[in-house]
Amino acid sequence: MLVFSRRRGEAIVVGDGIEIVFLSAGREGVRIGVKAPISVPVHRKEIYEQICEENRQAAVALLPAGAETTLTPEAQRAQDSGIAPADESSLRVAVKAQSRVRSRS
Amino acid sequence: MSSPCPATADDRIRLSTRFGEFEADSRNLLSFPSGLPGFEQCRRFVLLSSIEAAPLQVLMSVDGSPASFLTLDPRLVLPEYRCQLSASDKERLGARDGDPLLWLVLLTIDDRGAAFANLRAPIVINPADMVGYQVVPQDSLYPMRHPVALS
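Conventions used here
Residues numbered from 1 in each chain as written. Chains lettered and ligands numbered in written order. Predicted model: local features only at pLDDT ≥ 70, side-chain atom pairs only at ≥ 80, totals over all residues. Heavy atoms only, no water. pLDDT = per-residue confidence, 0-100. Helix = DSSP H or I, 4+ residues; strand = E, 2+ residues; numbered from the N terminus. Contact = heavy atoms within 4.5 Å. Buried area = accessible area lost by both parts, 1.4 Å probe. Salt bridge = Lys/Arg side-chain N within 4 Å of Asp/Glu carboxyl O. Polar contact = N/O pair within 3.5 Å; in protein donor to acceptor, adjacent residues only side chain to side chain. Nonpolar A, V, L, I, M, F, W, Y, C, P; charged D, E, K, R; others polar.

**Section: the confidence of the model for chain B**
Residue and element names in this part refer to chain B.
Line of reasoning, step 1. Model confidence for chain B is summarised by a mean pLDDT of 84, while 85% of its residues fall at 70 or above.
Line of reasoning, step 2. Within chain B, the element-level pLDDT minimum falls on strand S1 (residues 12-17), averaging 69, and the maximum on strand S9 (residues 123-126), averaging 96.
Line of reasoning, step 3. Scoring of the predicted complex yields 0.79 for pTM and 0.85 for ipTM.

**Observations concerning the interface of chain A and chain B**
Line of reasoning, step 1. The interface of chain A with chain B comprises 41 residues on the first partner and 58 residues on the second.
Line of reasoning, step 2. Interface area, chain A with chain B, both sides summed: about 4,600 Å², of which 60% is carbon and sulfur.
Line of reasoning, step 3. Put simply, chain A and chain B have 1 salt bridge between them.
Line of reasoning, step 4. Across the pair Arg145(B) and Glu54(A) runs a salt bridge whose closest N-O atoms are separated by 2.9 Å.
Line of reasoning, step 5. Here chain A is connected to chain B by 11 residue pairs in polar contact (both at pLDDT 80 or more).
Line of reasoning, step 6. Listed by contribution, the elements that provide at least two residues to the side of chain A that touches chain B are helix H1 (45-60), helix H2 (73-81), strand S4 (84-85) and helix H3 (88-104) of chain A.
Line of reasoning, step 7. The element best represented in the side of chain A that touches chain B is H1(A), accounting for 11 residues.
Line of reasoning, step 8. Counted by class, the side of chain A that touches chain B contains 22 nonpolar, 10 polar and 9 charged residues.

Here it is in structure tokens:
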């Protein structure tokens with residue numbers, strides 16, 4: 001890790017167009033400003049990590065244990081044939097359905 | 001993209017899920033240029049629907065890791081659900097104001113079978129470009145685990 005000493009108002013430049021400015025320091029911590037191109041996401045690390053952890057749990061627990069074994073072969077076949085991957089037009093239909101939900105509320 | 005993909009020469013992809021097998025082609029591929037947090041290597045997904053599973057849909061990675069997620073329209077959970085996209089989010093989605101966008105939230109099902117929707121970090125998809133992102137809001141009042149009653 002690169003370590004810098006910075007005075008108030010001094011900055012570090014990272015890559016193309018990313019600037020990290022040290023605004024102030026106090027007992028509670030330091031205030032940092034980040035200037036980045038609009039296409040570069042900037043996150044507080046702990047928030048990003050919380051979402052990572054929640055996503056990992058969401059992916060592992062796809063269905064409650066035993067759910068798939070309750071399907072009969074007939075039901076399983078019917079379900080297989082009904083699987084439809086979305087394309088642009090079906091997604092647009094889904095967006096319209098969402099806006100109907102919104103306007104009802 | 002370096003990750004292996006089971007695409008055949010005619011660009012059809014045959015995928016096995018625990019729901020059964022199905023075929024998808026390039027028109028079904030959703031690009032997630034940043035992956036999902038925790039699944040950054042998953043850049044291409046398909047969104048699967050079936051009558052049996054409705055209103056749940058499955059967001060399934062077709063790159064490398066077999067990550068799948070149950071998703072739901074957040075407004076079925078909270079009708080007044082609103083999430084503000086930042087200028088950066090809109091830029092990355094290629095979305096201008098007023099463009100139709102699809103919102104989904106990921107479900108987590110715990111050991112006891114209780115379901116929770118992640119209302120804090122929704123998935124947004126721009127159908128026009130078939131591009132999606134998971135929004136990582138800096139300040140959101142919505143919980144990461146909102147209880148959902150699945151019937």
